[in-house]
Amino acid sequence: MSSTRLQSPRTPSGITTTLAALTATAALAACSQTTTPGTDSDGANTSAPPASTSTELTVVTHDSFAIPEELQTRFAEESGLDVTYVAPGDGGALVNQLILTKDSPLGDVVYGIDNSFSSRAVAEGVIADYDSPALPDDASQFDTEALVPIDFGDVCINADTTWFEDNSIPVPTTLDDLTEPEYEDLLVVSNPASSSPGLSFLLATIATKGEDGYLDYWGQLVDNGVSVVQGWSDAYYTEFSGADGEGPRPLVVSYATSPAYTVTEDGTESTTEALLDTCFRQVEYAGVIEGAQNVEGAQQFIDFLLSDDVQASIPENMFMYPVTGVDLPQEWADFAPLSEDPLSLDPEQISENRDTWIQDWTAQVIG
């Protein structure tokens, strides 16, 4: 299965796994099973041993994985490996499928587990320890148990600045601003139960308001007319008035990098901006899958993701920041700055409470 190439700032498809993904997962799991060799009455092996998989590598990713085909080809040629890419869904679906198939792993190496699911993947025993020698010391701030950081970004409220100028309303700057009367019916968010940016925004509100206050805050958003849609694409392309959308709402949950996608043709300005005081930091990791058929190849692939050429390709292909110090596109410096003080929660706290938070949010917001 080939990876999905990005055509937009970010295209997560949602945490819930589709029927097609489940079907593909089942088929892949079946293919990965090995047959126990037969024996005769004396206990001797009467069947040929399973074919070696040392020249094969299966890479499991989320469905927003995208690096240039020429780099994928280069890795295959230089490593001598026959590489297959499998994408069972968004970051949450990815972890769920790794857990469901851990007795018959989907592949050898995984990319796309983020910090809202990383501790769960490690706790469930689906990731084998690997410390990549390709990870620079200055990227250790992103490091976590067993997994290797590859890229990062900020999930933030984005504003259609043209709409606000045309309507003579100031662009909001904080989460609290979003509950004010002048922003009634202007915000669209994606459901945290079905969207990874939606989940990140929910975590941002918990980081700001605390476990005792985030539901009251969401109640204020509901009273102020917040719209909740299933996924990021629906929010950004259908409901949002900026970017390619012609929707009615000029505020949307997206990424700090999204304004680099809405730069005018002359390259002098962007028609949208990210509200950097509303950002939740998202880190994406790669890891060797426990029970991998090709551990050495899996480690090689992780090192490859940290190579200069791949890291330099990440901004324009996956709209995330590389974890190494490669040069960034000029429009990123101009229009896609990161938050200087992003919101965050401890991964263990997220792992222990994520399901409860989503359930309580659903009861409060959806009813």
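Residues numbered from 1 in each chain as written. Predicted model: local features only at pLDDT ≥ 70, side-chain atom pairs only at ≥ 80, totals over all residues. Heavy atoms only, no water.

S.K.: Help me understand the overall build of the chain, please; the structure alone is not making it clear to me.
M.R.: Counting its secondary structure elements, the chain contains twelve helices and eleven strands. Counting the 367 residues in the chain, one finds 54% classified as buried. When contacts within the chain are restricted to residue pairs at least 6 apart in sequence, long-range pairs at least 24 apart make up 77% of them. Only carbon and sulfur atoms are counted for the fraction: they give 44% of the accessible area of the chain, which is about 15,800 Å². (Helix = DSSP H or I, 4+ residues; strand = E, 2+ residues; numbered from the N terminus. Buried < 20%, exposed > 50% of the residue type's maximum accessible area, 1.4 Å probe, protein only. Contact = heavy atoms within 4.5 Å. Areas by Shrake-Rupley, 256 points an atom, 1.4 Å probe, with all protein chains shown as cover.)

S.K.: Can you walk me through the packing of helix α6 (residues 196-209) against helix α7 (residues 214-223) in this structure?
M.R.: At a minimum axis distance of 8 Å, the contact between α6 and α7 shows a crossing angle of 120°. Here α6 lies oblique to α7, going by the angle between them. Seen from above, α6 lies across α7 with right-handed handedness. Across the interface between the two elements, F201, L202, T205, I206 and K209 of α6 pack against Y214, Y217 and W218 of α7. Taken together, the residues of the contact of α6 with α7 sort by class into six nonpolar, one polar and one charged. (Axes fitted to C-alpha atoms, helices over the stretch in contact; angles between N-to-C directions. Parallel < 35°, antiparallel > 145°, perpendicular 65-115°, else oblique. Left-handed = near helix turned anticlockwise from the far one by under 90°. Nonpolar A, V, L, I, M, F, W, Y, C, P; charged D, E, K, R; others polar.)

S.K.: What am I meant to see in the state of the cysteines here?
M.R.: In total, this model carries one disulfide according to the counting rule given. One disulfide bridge connects C156 with C279, the sulfur atoms lying 2.0 Å from each other. Its S-S torsion of approximately 105° makes the covalent link between C156 and C279 right-handed. Of this pair, C156 sits in strand β5 (residues 148-160) while C279 sits in the loop between β9 (272-274) and β10 (280-289), and the two are 123 residues apart along the sequence. You'll find C156 and C279 in the same group, each marked buried. (Disulfide = S-S within 2.5 Å.)

S.K.: Please clarify how the nonpolar core should be interpreted in this entry.
M.R.: Ranked by size, the top nonpolar core spans 98 residues in total, and within it I113, L178, W218, L251, F301 and L305 carry the most contacts. Setting aside chain neighbours within four positions, we find I113 in contact with L94, V95, L98, S118, A121, I127, L147, V283, E284 and Y285. (Core = buried A, V, L, I, M, F, W, Y, C linked by side-chain atoms within 4.5 Å.)

S.K.: Help me understand the packing of aromatic side chains, please; the structure alone is not making it clear to me.
M.R.: What describes a pair of aromatic rings is the distance from one ring centre to the other and the angle between the planes of the rings. All chains considered together, the criterion is met by 19 aromatic pairs. By the ring-pair criterion, three or more aromatic residues cluster together here, those being F65, F75, Y85, Y111, F301 and F304. (Phe/Tyr/Trp six-rings, centres within 6.5 Å; stacked < 30°, edge-to-face > 60°.)

S.K.: What should I look at first to understand the side chain of S254 in this one?
M.R.: Of note, S254 is situated in strand β8 (residues 251-255). Separated by 2.7 Å, the side chains of S254 and S258 make a polar contact. Beyond its immediate sequence surroundings of up to four residues, S254 is in contact with D154, V155, C156, N158, W232 and Y236. (Polar contact = N/O pair within 3.5 Å; in protein donor to acceptor, adjacent residues only side chain to side chain.)

S.K.: Teacher, can you tell me more about the packing of α6 against helix α12 (residues 347-366) here?
M.R.: Geometry of a packed helix pair, given as the angle between the helix axes and the separation of the axes. For the pair α6 and α12, interaxial distance at closest approach is 11 Å and the crossing angle is 100°. As summarised for this structure, α6 and α12 are arranged roughly perpendicular, according to the angle between their axes. Residues L199, L202, L203 and I206 of α6 form the contact with α12, whose own contacting residues are I350, R354, W357, I358 and W361.

S.K.: Mind showing me how you'd approach the environment of L98 here?
M.R.: Assignment of secondary structure puts L98 in helix α3 (residues 91-100). Here L98 is in contact with V110, I113, V126 and I289, once residues within four sequence places are set aside.

S.K.: In this structure, what is going on with the pairing of β5? I would like to understand it.
M.R.: Here is the key point about a regular strand: its side chains alternate between the two faces of the sheet. Across the 13 residues that make up β5, a large majority, 13, are buried. Where β5 and β10 come together, seven bridges link them in antiparallel fashion. In the strand pairing of β10, V148 is matched with A286. Where β5 meets strand β11 (residues 321-322), two bridges bridge the pair, whose relative direction is antiparallel. Directly across from D151, in β11, lies its bridge partner P322. With five bridges connecting them, β5 and β8 associate as antiparallel partners. Each residue of the ladder has a partner; that of C156, found in β8, is S254. (Pairing = 2+ DSSP bridges.)

S.K.: Is there a simple way to think about the pattern of salt bridges in this case?
M.R.: Opposite charge on two side chains permits pairing when their charged atoms draw close. Summed over all chains, the structure comprises four salt bridges. Of the charged contacts in the structure, one is a salt bridge between E124 and K102, with a shortest N-O distance of 3.6 Å. Here the residue E124 occupies a position in the loop between α4 (118-123) and β4 (127-128), and K102 occupies one in the loop between α3 and β3 (109-114), the gap between them amounting to 22 residues. A relative accessible area of 38% means that K102 is categorised as partly exposed. Between D176 and K209 there is a salt bridge, with the nearest N and O atoms lying 2.5 Å from each other. Of this pair, D176 sits in the loop between α5 (161-166) and β6 (187-190) while K209 sits in helix α6, and the two are 33 residues apart along the sequence. When its relative accessible area of 42% is taken as the criterion, D176 is described as partly exposed. With a relative accessible area of 29%, K209 lands in the partly exposed category. (Salt bridge = Lys/Arg side-chain N within 4 Å of Asp/Glu carboxyl O.)

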